[in-house]
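Fold and contact review
These are the residues of each chain, in order.
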Amino acid sequence: MNLPASSNLAPSELAYVPFVSVANMMRLVHHVGIERFLRDLAGHIEADFKRWPEFDKTPRVASHVPGGVIELMPTADDTLYGFKYVNGHPKNTRTGHQTVTAFGVLSEVSTGYPVLLTEMTVLTALRTAATSALVAKYLAPTGAEIMAMIGNGAQCEFQAMAFRALCGINRLRLYDIDPTATAKAKRNLEAQGFEITTCSSAQDAVISVEVITTCTADKQYATILTDNMVGRGLHINAIGGDCPGKTELHPDILRRAGIFVEYPEQTRIEGEIQQLPEDHPVTELWQVMRGETEGRRDAAQLTLFDSVGFAIEDFSALRYVRNLIQGTNFAENLDMLADPDDPRDLFGMFERAAR
């Protein structure tokens, strides 16, 4: 049914919410430059971690569904509220779907009005990579040059770009159980100037590296790394284990590592440490970034970032994108919010639409 045109139905300025589509997000990142984008995004994440006590925090709300999980990730400070909708369905690639998709909203606390709606499939890949590399700046061995990437799916290249942008790592050893994934990653990363070695096993991939990133997708207890594969002095960036029943590391690795986490209440449910007793000691990253506790103790320490992703990282990404799009054409206005002339007369606005 086509509604009659009416000048009194034209949306007001308050009705519009800036929307960043996938196409515009990619344009925006290319406009800024991906490595600068990752560095600046990491800066926003670090700034928000340093004011961690100011945030309202809760573990994400997860609905475990056949074949995957659908999650909401909310947080707020005294000015802005943000949330992300995100799914994780490991078998999606068999039908041509992405394993992970997401979108996010940023709102003003004072009115509750949304001020940004954006795709977050691309943005989540960027914020996950930026967080990994930011944490590595605090925990990786000094002068680290080589990283193993175990799991060469959609997140692989973003992790590599972030580690080069923030940590200067340009040499990678790649392994995936699917050789076509490794071939894809090798092709993409060599085009970006990386020095690539493809490996026939995870054990081969970790030879002579200082950093190990694990990023596998299967929703199951898995042992990607065994204790004998991991020497002293390494840093492990474990980002694949991110829901109950999904892990990548043998528990013996955890027992001898210094473990660093985003939000313990969430990580103990979803991270590698779900394999350990609830009172096993961990260090919160915000305290490291604020200088309240130490990160890497010495060159011999094995450090582990038990990464599951937390809402404050998404909040930082939303805040960063909102700032970037001001006065640009990287967003379009959507008529999302009903805005009657009289805020108490929503029904009158509805009735006028029929005239």
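Just above sits the structure.
Keep in mind that what you see is a predicted model, and the values were worked out from it rather than measured. (Residues numbered from 1 in each chain as written. Predicted model: local features only at pLDDT ≥ 70, side-chain atom pairs only at ≥ 80, totals over all residues. Heavy atoms only, no water.)

1. A word on the side chain of Ser132
Operational definition: In this text, helices come from DSSP runs of H or I with a minimum length of four residues, and strands from runs of E with a minimum of two, each type numbered from the N-terminal end. For every residue, the accessible area obtained with a 1.4 Å probe (protein chains only) is divided by the maximum for its type, and the residue is called buried under 20%, exposed over 50%, and partly exposed between those limits. A contact between two residues is defined here by any heavy atoms of the two lying within 4.5 Å.
Topologically, Ser132 is positioned in helix α3 (residues 121–139). Owing to a relative accessible area of 0%, Ser132 belongs among the buried residues under this scheme. Contact partners of Ser132, with chain neighbours within four places excluded, come to Gln159, Phe163, Asn237, Ile239 and Phe305.

2. Brief notes about the environment of Gly241
Inspection of the secondary structure puts Gly241 in the loop between β12 (235–238) and β13 (247–249). Judged by relative accessible area, which is 0%, Gly241 ranks as buried. Taking the C-alpha atoms as reference, Gly241 lies 27 Å from Met26; in sequence the two are 215 residues apart. If we ignore the near neighbours within four places in the chain, the residues touching Gly241 are Lys246, Thr247, Glu248, Glu270, Gly271, Glu272, Ser307 and Val308.

3. What to know about the sheet that holds strand β8 (residues 171–175)
The criterion, for reference: Pairing between two strands requires that DSSP report at least two bridges joining them. Every angle, taken between N-to-C directions, lies between 0 and 180 degrees, and every axis is a line fitted to C-alpha atoms, over only the stretch in contact when it is a helix.
Strand order across the open sheet formed by eight strands is β9-β8-β7-β10-β12-β16-β14-β15, with parallel pairing between neighbours. Looking at the sheet topology across the chains shown, the edges are occupied by β9 (195–198) and β15 (283–284). Bridge count for β12 against strand β16 (residues 303–306) is four bridges, and the pairing is parallel. When the bridges of β16 are listed, Ala238 appears paired with Asp306. Sheet contacts for helix α4 (residues 156–167): β7 (146–150), β8, β10 (211–214) and β12; angle to β7, the most-contacted strand, approximately 165°. Most of the contacts of helix α5 (residues 179–191) go to β8, to which it runs at about 165°, and overall it touches β8 and β9.

4. A short note on the pairing of β10
Going residue by residue along β10, you find Val211 and Thr213 tucked away on one face and Ile212 and Thr214 tucked away on the opposite face as well. Two elements, β7 and β10, share four bridges in a ladder whose sense is parallel. Its bridge partner being in β10, Ala148 is matched across the sheet by Ile212.

5. A short note on the nonpolar core
Our working definition: Think of a nonpolar core as a cluster: buried Ala, Val, Leu, Ile, Met, Phe, Trp, Tyr and Cys residues, connected wherever their side-chain atoms sit within 4.5 Å.
Of all hydrophobic cores here, the largest spans 67 residues; its most connected members are Phe37, Leu172, Leu189 and Val321. Looking at this core, the element that brings in the most residues is α3, giving ten residues. Ignoring any residue separated from it by four or fewer positions in sequence, one finds Val321 in contact with Val20, Met25, Leu28, Phe37, Leu116 and Leu123. Counting 26 residues, the second-largest nonpolar core is a separate cluster that includes Leu225, Ile236, Ile253 and Ile273.

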